[in-house]
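Here's the letter readout for the chains.
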Amino acid sequence: MRIRFYLYNISFLLLINCGDDKPSSEIKTEETKSQQPVITAKAIEDFKYTDYALSSRGETIVADWEKYKELAIQVDYLKKADLSFFNGDKSLLKGFIDTLKLNIPDTLKTNPIISRTAIIETSVLRLNENLTLDNIDHQLKLESVKEVLVAFSNLNYQINKKLERDLYEKIKSEF
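Residues numbered from 1 in each chain as written. Predicted model: local features only at pLDDT ≥ 70, side-chain atom pairs only at ≥ 80, totals over all residues. Heavy atoms only, no water.

I'd like a description of the pattern of salt bridges, backed by residues and values.
Counting across every chain of the model gives twelve salt bridges. Among the ionic pairs, Glu-121 bridges to Lys-94, the shortest N-O distance being 2.3 Å. Linking Glu-121 in helix α7 (residues 111–132) with Lys-94 in helix α6 (residues 90–102), this pair joins segments that are 27 residues apart in sequence. For Glu-147, the salt bridge goes to Arg-126, with nearest N and O atoms at 2.5 Å. Highlighted residues: Glu-147 in helix α8 (residues 138–174) and Arg-126 in helix α7, separated in sequence by 21 residues. Residue class for Glu-147 comes out partly exposed when judged on its relative accessible area of 31%. Connected via shared salt-bridge partners are Lys-94, Asp-98, Lys-101 and Glu-121. (Salt bridge = Lys/Arg side-chain N within 4 Å of Asp/Glu carboxyl O. Helix = DSSP H or I, 4+ residues; strand = E, 2+ residues; numbered from the N terminus. Buried < 20%, exposed > 50% of the residue type's maximum accessible area, 1.4 Å probe, protein only.)

Help me get a handle on unusual backbone geometry, residues and values and all.
Backbone geometry places Ala-81, a non-glycine residue, at a positive phi of 70°. Take Ala-81: it is sitting in the loop between α5 (66–79) and α6.

Describe the side chain of Asn-130, naming the residues involved and giving the relevant values.
You can see Asn-130 is positioned in helix α7. Sequence-distant contacts of Asn-130, that is, excluding residues within four places in its chain, are made with Ile-136, Leu-140, Lys-141 and Ser-144. (Contact = heavy atoms within 4.5 Å.)

Rendered as C-alpha cells:
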C-alpha cells in the first residue's frame, strides 16, 4: 500500500512538472535573437574602400550647406557603428535627403554631384530598409553600411574634382 502511495505521488509530481517547460519554438526564437550578430565599429573599419575627405576649398564651399554637414556627422557616427540615424523613420530620412538635394550650393550644382546625391539617397534608404527588417542577413546589412560610406566618399571626391576643374579653368583662362 505504501509503495502505491509513493508511486502515485511521484507520478503526480512528474505530470505537474512536465508543463513548466517552454515550447521548443519559443526557445529557438530566443536563441536566434541572442545569436544575431551586431554591427560593430571593428567590422566597419575593416571595409576596403577609398575614403575621400573634402579639400580645404571644398570645406569652404560646403560651409553653408547645413544638410551636408549634418550628413557628414551622421556618416562619422556610422563609422563608429552608431546606426540610430539610419535606423529611424523612413519618412524623416526621405525628408532629410530631399532637403539635402534641394540645398546644393549653386557652384556645386553639376550633373556628377547631383547624381552622387541621388546615389546617397538610394543607399541610405536601402540601409534603412535592411536595418529595420528582421529577416535580413547580417552580411547584407554590412554591405548596405559600406554602400552608404562609399556613396558619401564619392560625393566628396566629385566635389573636390569640380573645384579642381574650376581652378584649372580659371588658371587656363588667365593665360
